[in-house]
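Fold and geometry: a report
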Amino acid sequence: MNGGDIIAKALSAQGVRFLFTLCGGHISPILVAAKASGIRVVDVRDEATAVFAADTVARLTGVPGVAAVTAGPGVTNTVTAIKNARMAETPLILLGGAAATVLKGRGSLQDIDQLSLMRVVAKDSLTIRKNCDILPVLRHAFLAASSGVPGPVFVECPIDLLYDEAVVRMLYGAGGSDTQGGGVRARLLSWYLKRHVDRMFSCEFESMEPHAIAGSVPGLHRRDVKNAARMIARAERPVMIVGSQSLLFPEKAAMLASSIERIGVPVYLAGMARGLLGREHPLLARQRRRDALREADLVLLAGMPCDFRLNYGRDINPAAALVAVNRDRHALRLNRRPQLAVHSDPFLFLNALAGSMPAESPDRETWRATIRVRDREREDEIVRMAGQDAPPLNPLAFLKKLEGAMDERSIIVADGGDFISSASYILRPRGPLSWLDPGVFGTLGCGAGFALGAKLVQPESEVWALFGDGALGYGLIEFDTFARHNVPVIAVVGNDAAWSQITRDQVDILHDDVATRLARDDYHAAAEGLGAKGLVIRAADEIDGVLARAKELARAGSPVLVNVHIGITGFRKGSISM
């Protein structure tokens, strides 16, 4: 056995089914052992994609996702994806190769101070120094990744701790059979290397038996639950916002939806919570959230802080009572101090709250009707704007058609700016865990990895990966990955030949479109060259037929890219975030 075998055993014990990677000599034993242990090893074309895919597996299953990358540039290429997972509060493990322990700091290939670098972006950054450390370090990594506020943990795996002891002794010349000749210096070096290897392999691999690790969750005080129930019962115009952190137990999504129903408050869903109540639930509100928050007399914020998405708390009526629930103590009071701050898991809190609500509550039908009317007004406005001329094709009109084409088991992956933000107003996630976007970091380039992870976890679902043409530039090469691994996702790129979210306001404010224009490239032809199927839509009368063909090709096992030539509308004018 070797260190790679022990790592693979530990991953299996934790319930890891997929290992995402881009190969490198520093991590070969991990990949070979993972494959031998029954873990599906999925190799991609960019290390960031590996992390994004692991991120998605964690979001959809609750088990930390795992990626493995080689040393040096392999690790540095993951920094954006790791920081995205940190801000999205996703539990994952990044295994990074590293120089041999005896050569650290001596100019070895790809040897940098990875621990300091990753400590800045990850939740924790760990290294393995001897074979006795492998299981304790991995236990700590899985515990840290899933406890409290979840996040990514980096584990550095030096190459000489991954191969078996005999090979390492041979490479070091530390077998101890020949200490004659070569002078005192050579004998001292031989003695040092032998002693170093003895310490590295001071434990027997065969005795190492990993076991599953469960993360810890902040506790729940009944007093907080009762106080919240009392405040909600008194409110005449309450509103609830449920964020991604409420879905950290994805297997219990149906229970969470049932609890929200029993609480009985109009609800806006954000991030990973989108789709939790299906498409048409009577409590679900989708449009003009700001208007509702400004009129509410109570706001329950579950698993989301008062950040830029809520205008730093200024969108909420200053006179409204605020109940905030979050695993992160800092996030509880970010930008606005709540009347009731509950440091707990939002899922546990909402379930307990549902059981504590009084049998009778105020008649809020007028308030609910007001919210429903605003939803309909905004939907009607979108329909009107979809009918406007925006050659070659109005993106809103296309998205309305796409909404009708998706089946009830669709998962929507969002990667882009203007096209994707427009889609968020029109596309209705079908059910829990059916909407995947990067989260608060707003990262471009996540789409290919998210789609890869989603389709592997839920192969029976249609996975629609929506890209802006700017964002597609990061992940287009991964159509090779989809084709090689038989992952039939359906990608749709809104091709308006611009970074439209930027150019619209840049031109209005600064009167220059510098660096915001693209070419209307044949992305469908590029996908064909990478082993996928490519389709193109240039006019409205082509939409239905092409989307039907894309679904047919995906069902037959082919990844598909649909290149949609769209124009630019004023739908999101003035949407720049600061």
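Given the structure is predicted, the values throughout are model-derived calculations rather than measurements. (Residues numbered from 1 in each chain as written. Predicted model: local features only at pLDDT ≥ 70, side-chain atom pairs only at ≥ 80, totals over all residues. Heavy atoms only, no water.)

Focus on the state of the cysteines
- Evaluation of the coordinates by the stated rule reveals one disulfide.
- Each sulfur in the disulfide pair Cys132 and Cys203 lies 1.9 Å from the other. Looking down the S-S bond of the Cys132 and Cys203 bridge, the torsion is 105°, so its handedness is right-handed. Residue Cys132 is located in the loop between β5 (124-127) and α7 (134-146), and its partner Cys203 is located in the loop between α9 (183-200) and α10 (222-234); the two are separated by 71 residues in the primary sequence. (Disulfide = S-S within 2.5 Å. Helix = DSSP H or I, 4+ residues; strand = E, 2+ residues; numbered from the N terminus.)

Things to note about the pattern of salt bridges
- Inspection of every chain in the model, using the stated rule, returns 32 salt bridges.
- Where Glu156 meets Lys104, a salt bridge forms, and the shortest distance between an N and an O atom there is 3.3 Å. Of this pair, Glu156 sits in strand β6 (residues 152-158) while Lys104 sits in the loop between β4 (92-98) and α6 (114-121), placing them 52 residues apart in sequence.
- Residue class for Glu156 comes out buried when judged on its relative accessible area of 2%.
- A salt bridge links Glu462 to Lys551, with the nearest nitrogen and oxygen atoms 2.6 Å apart. With Glu462 in strand β14 (residues 462-468) and Lys551 in helix α23 (residues 543-555), the pair connects residues that are 89 residues apart, well separated along the chain. There is no split in this pair, since Glu462 and Lys551 are both buried.
- Through salt bridges with shared partners, a single ionic network connects Asp43, Arg45, Asp480 and Arg484. (Salt bridge = Lys/Arg side-chain N within 4 Å of Asp/Glu carboxyl O. Buried < 20%, exposed > 50% of the residue type's maximum accessible area, 1.4 Å probe, protein only.)

Side note on the pairing of β14
- Judged by how many residues are buried, β14 sits mostly within the fold: seven of seven residues are covered.
- In β14, alternate side chains face the same way, and those of Glu462, Trp464, Leu466 and Gly468 on one face and Val463, Ala465 and Phe467 on the other are all buried.
- Bridging between strand β12 (residues 410-415) and β14 involves six bridges; their strand directions are parallel. The residue bridging Val413 from the neighbouring strand is Ala465, located in β14.
- For β14 and strand β15 (residues 490-495), the ladder comprises five bridges, and the chain directions are parallel. Along β15, the bridge assignment pairs Phe467 with Val493. (Pairing = 2+ DSSP bridges.)

Quick look at the nonpolar core
- Ranked by size, the top nonpolar core spans 90 residues in total, and within it Phe20, Leu350 and Leu353 carry the most contacts.
- Tallying contributions element by element places helix α3 (residues 47-61) first for this core, with eight residues.
- Setting aside chain neighbours within four positions, we find Leu350 in contact with Met240, Val242, Ser246, Leu256, Ser259, Ile263, Leu300 and Ala302.
- Counting 41 residues, the second-largest nonpolar core is a separate cluster that includes Ile128, Leu161, Leu162 and Met208. (Core = buried A, V, L, I, M, F, W, Y, C linked by side-chain atoms within 4.5 Å. Contact = heavy atoms within 4.5 Å.)

Quick word on the environment of Pro158
- Note that Pro158 resides in strand β6.
- Pro158 sits in the buried class, given a relative accessible area of 2%.
- The spatial distance from the C-alpha of Pro158 to the C-alpha of Thr101 is 6.1 Å, given a sequence separation of 57 residues.
- Among residues more than four places away in sequence, those in contact with Pro158 are Ala98, Ala99, Thr101, Thr127 and Ile128.

Some points on a positive patch on the surface
- Together, Arg222, Lys226, Arg230 and Arg234 make up a region of like positive charge exposed at the surface.
- Here Lys226 lies in helix α10. (Patch = residues over 30% accessible without salt bridge, like charges linked within 9 Å, V, L, I, M, F, W, Y side chains within 5 Å. Areas by Shrake-Rupley, 256 points an atom, 1.4 Å probe, with all protein chains shown as cover. Lys, Arg positive; Asp, Glu negative; His and termini not counted. Charge placed at Lys NZ, Arg CZ, Asp CG, Glu CD.)

Quick word on the packing of helix α15 (residues 365-386) against helix α16 (residues 395-405)
- Interaxial distance between α15 and α16 falls to 7 Å at its minimum, and their mutual angle equals 120°. For the pair α15 and α16, the sense of crossing is left-handed. Contacts from Ile382, Val383, Met385 and Ala386 in α15 reach Leu396, Ala397 and Lys400 in α16.
- Looking at the contact of α15 with α16 residue by residue, the classes come out as six nonpolar, no polar and one charged. (Axes fitted to C-alpha atoms, helices over the stretch in contact; angles between N-to-C directions. Left-handed = near helix turned anticlockwise from the far one by under 90°. Nonpolar A, V, L, I, M, F, W, Y, C, P; charged D, E, K, R; others polar.)

As for a nonpolar patch on the surface
- Taken together, the side chains of Leu189, Trp191 and Tyr192 define a hydrophobic patch exposed on the protein surface, amounting to about 340 Å² of accessible area.
- Structurally, the position occupied by Trp191 is in helix α9.

Points about the side chain of Asn317
- If you trace the backbone, Asn317 turns up in the loop between β9 (298-302) and β10 (321-326).
- What makes Asn317 buried here is its relative accessible area of 15%.
- A distance of 3.0 Å separates a polar side-chain atom of Asn317 from the backbone nitrogen of Ala319.
- Once residues lying within four places of it in the same chain are set aside, the contact partners of Asn317 are Leu293, Arg294, Glu295, Ala296 and Arg336. (Polar contact = N/O pair within 3.5 Å; in protein donor to acceptor, adjacent residues only side chain to side chain.)

Comments concerning the sheet that holds strand β16 (residues 533-537)
- The six strands lie next to each other as β13-β12-β14-β15-β17-β16, forming an open sheet whose pairing is parallel. Bordering the open sheet on either side are β13 (435-436) and β16, each of which pairs with just one other strand.
- Each of β12, β13, β14 and β15 is contacted by helix α17 (residues 418-426), which is oriented at about 135° to β14, the strand it contacts most.

Some points on unusual backbone geometry
- Between Pro391 and Pro392 the backbone carries a cis peptide bond, its omega angle lying at 5°.
- Along the polypeptide, Pro392 turns up in the loop between α15 and α16.
- Phi at Gln110 is positive, roughly 60°, even though this residue is not glycine.
- The residue Gln110 is located in the loop between β4 and α6 in this model.
- Classification of Gln110 by relative accessible area gives partly exposed; the value is 28%.
- Unlike most non-glycine residues, Asn311 shows phi in positive territory, near 55°.
- Among the structural elements, Asn311 can be located in the loop between β9 and β10.

Regarding the packing of aromatic side chains
- Counting across every chain of the model gives seven aromatic pairs.
- Aromatic pair Tyr425 and Phe571: ring centres 5.4 Å apart, planes at 85°, arrangement edge-to-face. Residue Tyr425 is found in helix α17, and its partner Phe571 is found in the segment after β17 (560-565); the two are separated by 146 residues along the sequence.
- Above the face of the Phe249 ring, Lys252 is positioned so that its terminal group lies 5.6 Å from the ring centre.
- It is Arg274 that lies over the ring of Trp435; its NZ or CZ is 4.0 Å from the centre. (Phe/Tyr/Trp six-rings, centres within 6.5 Å; stacked < 30°, edge-to-face > 60°. Lys NZ or Arg CZ within 6 Å of the ring centre and 35° of its normal.)

Quick word on the side chain of Asn326
- Following the sequence through the fold, Asn326 ends up in strand β10.
- By relative accessible area, which is 3% here, Asn326 ends up buried.
- Within the local environment of Asn326, its side chain forms a polar contact with the backbone nitrogen of Asp328, the two atoms lying 2.9 Å apart.
- Ignoring any residue separated from it by four or fewer positions in sequence, one finds Asn326 in contact with Gln245, Gly303, Met304, Pro305, Ala331, Leu332, Val342, His343 and Ser344.

Remember that the coordinates give geometry; whether it matters functionally is a separate question.
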